[in-house]
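Working through the structure, step by step
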Protein chains: 2
Amino acid sequence: MKMILKKYCKMSGRSVTNQRKLLLDLIYRAKGHLDADELFRRAKEQQQRISLATVYRNLKLFKEMGLISENRLGENHSHYEIRSPVEHHHLVCRSCGRVEEFDSPLIDEARLRLQQQKEFDIFSVQLKMEGYCPKCKQKRKPS
Amino acid sequence: MKMILKKYCKMSGRSVTNQRKLLLDLIYRAKGHLDADELFRRAKEQQQRISLATVYRNLKLFKEMGLISENRLGENHSHYEIRSPVEHHHLVCRSCGRVEEFDSPLIDEARLRLQQQKEFDIFSVQLKMEGYCPKCKQKRKPS
DNA sequence: TATTTTTTGAGAATCATTTTCATTTTTATC
DNA sequence: GATAAAAATGAAAATGATTCTCAAAAAATA
């Protein structure tokens, strides 16, 4: 991670700061869907003086550099994760919030067809499906 | 539209107000992706005293009733449209903001497979692809 | 190391959206 | 149709996520 950060920063003329190293590392280690607040909380454990503004600034930067991706899984705020080499999508339980990741060759195929049909250059595919997970499905039955 | 509104309101014990009639009608006539502000502007042309809070309240209500759908096409705010009988998705140009709608049997297929595989009850599929439209694709070439 | 450039922290500002509450409109009842 | 009860509205304040400002600190460059 640190090497990657250095490389990307050099490339775009950015500084490599302790805050950036820490933040990217935390996102990497979280291996999940982290929101700005939670990232801020975790960062503060190691750098008490870090500011929420710095968190947002760098999330934006990492996104521009293509290191992370931003998703709207819930309603009002974003979640971030290391941009995995293999594109994947999200299946969210509307009841308990559980998030499953998936990918599908059918989606890739759809993308290719659409690209031809509409003559767009498509560089991003964001798919979110919502429903009830097996557990919550059960709970809802009685009602 | 008015009949539908009445039916849905009765069903859930809501009142049928002038504001609701106007708002739903405007969304219907817009035939596109309208945001709260633009809807508010248009509504004020016909009911000067209408409040932005009423716009938001009723967008929320229409959504709960399943009459409209909410999409995050841009960055910071939502767009709304009449929920079309056939589910469709969005292809957005990151340069000029142009929005194309599409749907694809491949997506439906993917949904079915996922439903089986993960044992979720899936009731919502939101797919957004981003890229450059034919025009903006051209403009970017020289750089 | 000195100088320039970039980033940071802290708090204020912004923007979309939601809430509060007194007043008005709609609905249900007679 | 009049009236009481219930729901919705307008206006303004509140909220929550995110962005901006600016002086001070850190990093890159010479």
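Before reading on, note that the structure itself is shown above.
A quick note: this is a predicted structure, and the numbers were derived from the prediction, not measured. (Residues numbered from 1 in each chain as written. Chains lettered and ligands numbered in written order. Predicted model: local features only at pLDDT ≥ 70, side-chain atom pairs only at ≥ 80, totals over all residues. Heavy atoms only, no water.)

**Considering the overall build of chain A**
- Each helix and strand in chain A was counted, giving six helices and six strands.
- The N-to-C order of helical and strand elements in chain A reads α-α-β-α-α-β-β-β-β-α-β-α.
- For chain A, the spread of C-alpha atoms along the three principal axes comes to 50 × 45 × 25 Å.
- Classification of the 143 residues of chain A by burial places 41% in the buried group.
- Across chain A, the fraction of contacts at a sequence separation of at least 24, relative to all contacts at a separation of at least 6, is 46%.
- Of the roughly 8700 Å² of accessible surface on chain A, a fraction of 47% belongs to carbon and sulfur atoms. (Helix = DSSP H or I, 4+ residues; strand = E, 2+ residues; numbered from the N terminus. Buried < 20%, exposed > 50% of the residue type's maximum accessible area, 1.4 Å probe, protein only. Contact = heavy atoms within 4.5 Å. Areas by Shrake-Rupley, 256 points an atom, 1.4 Å probe, with all protein chains shown as cover.)

**Observations regarding the interface of chain B and chain A**
- At the interface, 37 residues of chain B touch 37 residues of chain A.
- Counting the surface chain B buries against chain A, the share from its top three residues, B:Leu106, B:Phe120 and B:Phe123, is 20%.
- Taken together, chain B and chain A are joined by two salt bridges.
- Taken together, chain B and chain A are joined by 14 residue pairs in polar contact (both at pLDDT 80 or more).
- Contributing elements (two or more residues each) for the side of chain B that touches chain A: strand S4 (89–93), strand S5 (99–102), helix H5 (105–118), strand S6 (121–132) and helix H6 (134–140) of chain B.
- Element by element, the count of residues in the side of chain B that touches chain A is highest for S6(B), at twelve residues.
- Residues belonging to the side of chain B that touches chain A are distributed by class as follows: 17 nonpolar, four polar and 16 charged. (Buried area = accessible area lost by both parts, 1.4 Å probe. Salt bridge = Lys/Arg side-chain N within 4 Å of Asp/Glu carboxyl O. Polar contact = N/O pair within 3.5 Å; in protein donor to acceptor, adjacent residues only side chain to side chain. Nonpolar A, V, L, I, M, F, W, Y, C, P; charged D, E, K, R; others polar.)

**A closer look at the environment of B:Lys63**
- Take B:Lys63: it is sitting in helix H4 (residues 52–64).
- Counting along the chain gives 19 residues from B:Lys63 to B:Ile82, while the straight-line C-alpha distance between them is 9.3 Å.
- Leaving out residues up to four positions away in the same chain, B:Lys63 has contacts with A:Glu75, B:Ile68 and B:Glu70.

**A look at the sheet that holds strand S1 (residues 34–35) of chain A**
Residues and elements named next belong to chain A.
- Read across the sheet, three strands follow the order S1-S3-S2 without closing on themselves; strand pairing throughout is antiparallel. Unpaired on one side and paired on the other, S1 and strand S2 (68–71) mark the two borders of the sheet.
- The pairing of S2 with strand S3 (residues 79–82) spans four bridges and is antiparallel. What sits directly across from serine 69, in S3, is glutamate 81. (Pairing = 2+ DSSP bridges.)

**Notes on the protein's contact with DNA strand C**
- Around DNA strand C sit 22 residues in total, of which A:Thr17, A:Gln19, A:Thr54, A:Arg57 and B:Tyr56 are the nearest.
- When the atoms of DNA strand C within 4 Å of the protein are sorted by group, sugar and phosphate make up 75%.
- Residue B:Ser78 places a main-chain N or O atom 3.2 Å away from a phosphate oxygen belonging to DNA strand C.
- For the surface near DNA strand C, the secondary-structure elements that each account for two or more residues are helix H2 (18–30) and helix H4 (52–64) of chain A together with H4 of chain B. (Near = heavy atom within 4 Å.)

**Focus on the protein's contact with DNA strand D**
- Every one of the 22 residues lining DNA strand D counts as a neighbour, but A:Tyr56, B:Thr17, B:Gln19, B:Thr54 and B:Arg57 are closest to it.
- At the protein interface, 74% of the atoms of DNA strand D within 4 Å belong to sugar or phosphate.
- Within the backbone of A:Ser78, an N or O atom sits 3.2 Å from a phosphate oxygen of DNA strand D.
- Listed by contribution, the elements that provide at least two residues to the surface near DNA strand D are H4 of chain A together with helix H2 (18–30) and H4 of chain B.
- Class assignment of the residues belonging to the surface near DNA strand D gives a composition of six nonpolar, eleven polar and five charged.

**Observations regarding the packing of H2(B) against helix H3 (residues 36–46) of chain B**
Residues and elements named next belong to chain B.
- At their nearest, the axes of H2 and H3 sit 10 Å apart, and the two run at 120° to each other. Comparing the axis directions of H2 and H3 gives the class oblique. Our pair here, H2 against H3, has a crossing hand that is right-handed. On the side of H2, the interface is formed by Leu22, Leu23, Leu26, Ile27, Arg29 and Ala30, while H3 contributes Leu39, Arg42, Ala43 and Gln46.
- Among the residues forming the contact of H2 with H3, the class breakdown is seven nonpolar, one polar and two charged. (Axes fitted to C-alpha atoms, helices over the stretch in contact; angles between N-to-C directions. Parallel < 35°, antiparallel > 145°, perpendicular 65-115°, else oblique. Left-handed = near helix turned anticlockwise from the far one by under 90°.)

**With respect to the relation of the copies chain B and chain A**
- Placing chain B over chain A gives an RMSD of 0.1 Å and needs a rotation angle of 180°, together with 0.0 Å of translation along the axis. Given the turn and translation reported, the copies of this chain are related as if by a two-fold rotation axis. It is B:Leu127 whose C-alpha, among those of chain B, lies nearest the rotation axis, at 2.1 Å.
- A share of 100% of the interface residues of chain B reappears at the interface of chain A, consistent with the copies meeting face to face through the same patch. (Least-squares fit on C-alpha atoms with pLDDT ≥ 70 in both.)

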